[in-house]
Amino acid sequence: PPRSTLFPYTTLFRSLVIAEDAFEVADPGVQDVLRPAVDRVASVIGKCTTAHLALARLSDWSSQQQILQGREAWEVARDWIDCVNPRFSFEVAERYRFASAISDADVETARISREAIIKRMTALLADGVVVCLPTTPTPAPLRGERLSTRNILRPRISTLTCIAGTTGTPQINLPLAEVDGLPVGLSLLAARGSDEMLIAFARELADTLP
């Protein structure tokens, strides 16, 4: 039987929201190559609008995640680090130094910020909405990139990759484009608990692609 009979989930997603501020984070080349994929998803769902995910700056969203993850990582590893004094790479040591300096006030502020983000995304994804955004702001990085280059890219990457982890919403990456031979993905986000529907929709969508 046709896949639409096996996975009749398309009609449950009533609207596609293009995350404008997420696309603004991406390189112009990434934005350009993802436009046909966005148009294809929009044509399948049938209704498309645009919105900013953040009421202020999307780049602020990753800050709370770094603080909360850093505190959790430090609480797990600090006794072991104190006893063993292990040798870390520069980047790992840098992250633990950051984590060790996080205060209780920082954590509380981050928790409040996280709850506001969850509330915002819960409202945005209600009533069968799917949000699309670039999976990363750049194509896949080349092996052996310099540390200074990675440090410049990391905040932009985490701006986009922190959303699903913060909100507990399912996210699926569709590797539908390339820039200079390097893969670029379009991500779809849906409401909490709709994991299977999102996967099934992605399968239906794949059947419509050339």
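This is a predicted model, so every value here is computed, not measured.

Caption draft 1: Representation of the layout of surface pockets in the model. When its volume is computed, the largest pocket comes out at roughly 180 Å³. Every residue lining the largest pocket is listed: I18, E20, F23, E24, Q31, R35, V38 and D39. Listing elements by their share of the lining of the largest pocket, those giving two or more residues are α2 (20-25) and α3 (28-45). For the lining of the largest pocket, the per-class residue count stands at 3 nonpolar, 1 polar and 4 charged. Approximately 150 Å³ is the volume attributed to the second largest pocket. Lining the second largest pocket we find S62, Q65, Q66, Q69, G70, A73, V92, R95, Y96, F98, A99 and S158. Residue contributions to the lining of the second largest pocket peak at 6 residues, all from helix α4 (residues 61-84). Counted by class, the lining of the second largest pocket contains 5 nonpolar, 6 polar and 1 charged residues.

Caption draft 2: Here's a closer look at helix α7 (residues 147-167). End to end, α7 covers 30 Å across 21 residues, agreeing with the expected 30 Å (1.5 Å per residue, within 8%). Largest kink in α7: about 40°, centred on T161. Taken residue by residue, α7 has L153, S158, T159, L160, C162, I163, A164, T166 and T167 as its buried positions. Contacts from the buried residues of α7 go to α2, α4, α6 (104-124), β3 (129-134), β4 (171-179) and β5 (182-189). Just downstream of α7 lies G168, where phi reads positive at about 75°.

Caption draft 3: Layout of the nonpolar core. Among the nonpolar cores identified, the biggest contains 26 residues, and V41, C132, L186 and L188 are the most heavily contacted of them. The greatest single-element share of this core, amounting to 7 residues, is contributed by α3. Ranked by size, the runner-up nonpolar core spans 21 residues in total, among them L53, W61, L133 and A164.

Caption draft 4: Region of the structure containing the confidence of the model for the protein. For the protein, the mean per-residue pLDDT works out to 90, and 94% of the residues sit at or above 70. Here helix α1 (residues 3-6) is the element of the protein with the lowest mean pLDDT, 44, and β3 is the one with the highest, 97. For residues 1-10, every residue scores under 50 in pLDDT, and the model assigns this stretch 16 contacts once sequence neighbours within four places are set aside.

Caption draft 5: Up close: the pattern of salt bridges. If you walk through the whole model with that rule in mind, you get 7 salt bridges. We note a salt bridge from R156 to D27, for which the minimum N-O separation is 2.7 Å. Taken as a pair, R156 in helix α7 and D27 in the loop between α2 and α3 lie far apart in primary sequence, 129 residues in all. According to the relative accessible area criterion, R156 is partly exposed, its value standing at 26%. Each member of the salt-bridge network shares a partner with another, and the members are R71, E75 and D104.

Caption draft 6: Just the sheet that holds β5, in detail. Within the open sheet, the 5 strands sit side by side as β2-β1-β3-β5-β4. Their pairing is mixed. On the outer flanks of this sheet lie β2 (48-51) and β4, each paired with one strand and no other. Pairs of neighbouring strands in the sheet enclose a mean axial angle of 30°, with direction left out of account. One ladder, built from 4 bridges, connects strand β1 (residues 15-19) with β2; its direction is parallel. Looking across to β2, one finds that V17 is bridged to T49.

Caption draft 7: Fine view of the packing of aromatic side chains. For the coordinates displayed, the defined rule picks out 4 aromatic pairs. Measuring from centroid to centroid gives 6.3 Å for W74 and Y96, while their planes differ by 55°, and the two rings are tilted. Placement of W74 in helix α4 and of Y96 in helix α5 (residues 90-100) is noted, with a sequence separation of 22 residues between them. Here the aromatic cluster, defined as three or more aromatic residues joined through ring pairs, consists of W74, W80, F88 and Y96.

Cut-offs used in this document
- Residues numbered from 1 in each chain as written.
- Predicted model: local features only at pLDDT ≥ 70, side-chain atom pairs only at ≥ 80, totals over all residues.
- Heavy atoms only, no water.
- 1 Å grid on protein atoms, 1.4 Å probe; cavity = no way out; pocket = protein on both sides within 12 Å on 5 of 7 lines; lining within 4 Å.
- Points joined across faces, edges and corners; volume = space filled by probe spheres on them.
- Helix = DSSP H or I, 4+ residues; strand = E, 2+ residues; numbered from the N terminus.
- Nonpolar A, V, L, I, M, F, W, Y, C, P; charged D, E, K, R; others polar.
- Expected span 1.5 Å × (residues − 1).
- Bend = angle between axes of the 7 residues up to and from the residue.
- Buried < 20%, exposed > 50% of the residue type's maximum accessible area, 1.4 Å probe, protein only.
- Contact = heavy atoms within 4.5 Å.
- Core = buried A, V, L, I, M, F, W, Y, C linked by side-chain atoms within 4.5 Å.
- pLDDT = per-residue confidence, 0-100.
- Salt bridge = Lys/Arg side-chain N within 4 Å of Asp/Glu carboxyl O.
- Pairing = 2+ DSSP bridges.
- Axes fitted to C-alpha atoms, helices over the stretch in contact; angles between N-to-C directions.
- Phe/Tyr/Trp six-rings, centres within 6.5 Å; stacked < 30°, edge-to-face > 60°.

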